[in-house]
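For reference, the chains in residue letters:
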Amino acid sequence: MPAAVEVMLDDRTASPRETVILDGSPLRLSTLSLIGRGLLHVVPCEVRLVEVARAYEAVRGAVEGGRQLYGVTTGVGAIKDRSIALAASADRTDLVRAHHFGVGEPLPPEIVRAGIAIRVNTALSGMVGCSPELVRAYVAALDADIVPVVRRLGSIGAADIGLMSQVATALAGEGQVFHRGVLKSAEEALREAGLTPLVFRLKDALSAVSTNALTVASAGATLIEAAQLIRVAMATGSSAAAALRASPEPWRVATRIGSPREAAAGTVLMAVADAFPWAPATHLHDPLSLRMMAQIFGASAGVVAFAAASVEAATARPDDNPVVIDGIPMTSGGSLPLELALTLQSVGPGLAHLARNILNRIILIANGGRGVLPANLVSEATDATGFGPLVKLAGDLASRVMADLAPVSAMPLLIAGGMEDEAMFAPLIVERLNRQIASLKMLTAIEALLAAQGLDMQGLKPAGLVGMVYDSVRSEVAFLEKDRALSLDIETIERNLFQPALLETVRNFYESITTDELIFSR
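Computed from a predicted model, the values in this text were never measured in an experiment. (Residues numbered from 1 in each chain as written. Predicted model: local features only at pLDDT ≥ 70, side-chain atom pairs only at ≥ 80, totals over all residues. Heavy atoms only, no water.)

Caption draft 1: How the structure looks around the environment of Ala314. With respect to the helices and strands, the residue Ala314 is situated in helix α13 (residues 293-314). Look at Ala314 and you get buried, because its relative accessible area is 9%. Apart from the residues within four sequence positions on either side, Ala314 is in contact with Thr122, Val216 and Leu340. (Helix = DSSP H or I, 4+ residues; strand = E, 2+ residues; numbered from the N terminus. Buried < 20%, exposed > 50% of the residue type's maximum accessible area, 1.4 Å probe, protein only. Contact = heavy atoms within 4.5 Å.)

This is the structure:
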């Protein structure tokens, strides 16, 4: 556990009243997830709040001393050189309102809660320059289960200005919120919770809107889902390999000569094969989609783990402008965490390789052959068409994963009178990863369905992880003897594979074999 976290019980079995103490240290993605689901009570470290107050007083002193500070005593963007006559007690809530322009579907409440916690955590670095009152207002909203409605479109990834403004206006008693799960006005929710609308003074308005906290929260949630996907995909891929009676020998070799991540994946695959030994169907080489599973799963999981480390680091990094360093307000370019965007972008190709690998096994198993399975996975004694046409759906899903590969972080953008000429578009990167994951989940369902059919046609009784996948299919989807509509079957299998109980079982299986971060237990 990082120093910022004090949790009474295991963080996967948290009760609503467990406490996490934020002190500006990096947060694990599992901790963020629990905060997002309302399972952790967030408390700011009192020692760090003293540092927050010192930075705020540094801003106050600079203003009272006549120094110009961006977004505090000046306008922002194209009007940065426009001075604002500002007393230290002046209300700057209009700056928050001016940036309230988000549109589209609301972000899930889990993301908004986590984003608020990230803003609190980075503020507790003592470098942001906001007031302790702003930090306490965020925490009070979390305590009261007040979750602002945040429409998701409006951030180019150089601070989530159009999104975080929706959180800030809710603290001021404007806009909409979910209060204990019920949609209502922010004004009503604050009144019912006994909270006073916040007045934004000095740098509080800029600190409330100029941060990438919601992007970081969204990225964390997406990477957790990507890790779950990879674990399930290893399970369904192993099941297809069993149905195709692939040789486990290349996986054993990977444990000896592969990279650390390849070796970890090979260890898992060998454990699957040891729990359910099958007789290989070939004497020499299998197709690469079987032989190279350790390499593909290792690399895919590796880029997700690498991106997760980058996101966790971002939960503690102030990305404001200006910031307070050694008691002096200074201009910063920290609102462009490009390294974070690039690591997130690297996940996309990893998922694309995974999609191609799954598609190739689907084609192999649907085509039959290898001396063990008939074409289309139906008896040649019937007139059934079988699973051959289903490969077209798999091709559609895989192509959708590939379609979201083009890099977007370097797209040109020139706004604010030429002052704002860099962006990273991390929110769009995360959105595309979510689309890739959705398509891949359905691909794993198709692979699991064909693997179960192939195992049944050979009279094989699977055990271990392959048995878990098989049971999740056959619990609701029967063996195909004659043609039937498959749409609901596939959707049912996808739902079963990713229901929490099976995800936990699969995770525990991996953790019993290796502690390598490849398995991504965050």
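Caption draft 2: Summary view of the packing of aromatic side chains. Counted under the stated rule, the structure contains three aromatic pairs. Between Trp251 and Trp278, the ring centres sit 6.4 Å apart and the planes meet at 70 degrees, which makes this aromatic pair edge-to-face. Of the two residues, Trp251 is situated in helix α10 (residues 249-257) and Trp278 in the loop between α11 (260-275) and α12 (288-291); the sequence distance between them amounts to 27 residues. What links up through ring pairs into an aromatic cluster is the set Trp251, Phe276 and Trp278. Lying over the aromatic face of Phe498, Lys441 brings its terminal NZ or CZ to 5.0 Å of the ring centre. (Phe/Tyr/Trp six-rings, centres within 6.5 Å; stacked < 30°, edge-to-face > 60°. Lys NZ or Arg CZ within 6 Å of the ring centre and 35° of its normal.)

Caption draft 3: Local environment of unusual backbone geometry. Between Asn321 and Pro322 the backbone carries a cis peptide bond, its omega angle lying at -5 degrees. Tracing the chain through its elements places Pro322 in the loop between α13 and β8 (323-325). Notably, Arg180 is not glycine yet its phi reads approximately 55 degrees, a positive angle. Of note, Arg180 is situated in the loop between β6 (176-179) and β7 (182-185). Of the residues examined, Arg180 reaches a relative accessible area of 65% and is grouped as exposed. Positioned with a positive phi, Leu202 is a non-glycine residue whose angle comes to about 50 degrees. Residue placement: Leu202 occurs in the loop between α7 (186-193) and α8 (204-209).

Caption draft 4: Region of the structure containing the pattern of salt bridges. In this structure the tally under the stated criterion is 17 salt bridges. With its nearest N and O atoms 3.3 Å apart, the salt bridge here joins Glu46 to Arg136. Placement of the pair is Glu46 in helix α2 (residues 46-64) and Arg136 in helix α5 (residues 132-143), with a sequence separation of 90 residues. Residue classification places Arg136 among the partly exposed positions, given a relative accessible area of 42%. With a shortest N-O distance of 3.9 Å, Lys203 and Asp320 are connected by a salt bridge. Here Asp320 lies in the loop between α13 and β8 and Lys203 lies in the loop between α7 and α8, a separation of 117 residues in the sequence. Its relative accessible area of 0% is what places Asp320 among the buried residues. (Salt bridge = Lys/Arg side-chain N within 4 Å of Asp/Glu carboxyl O.)

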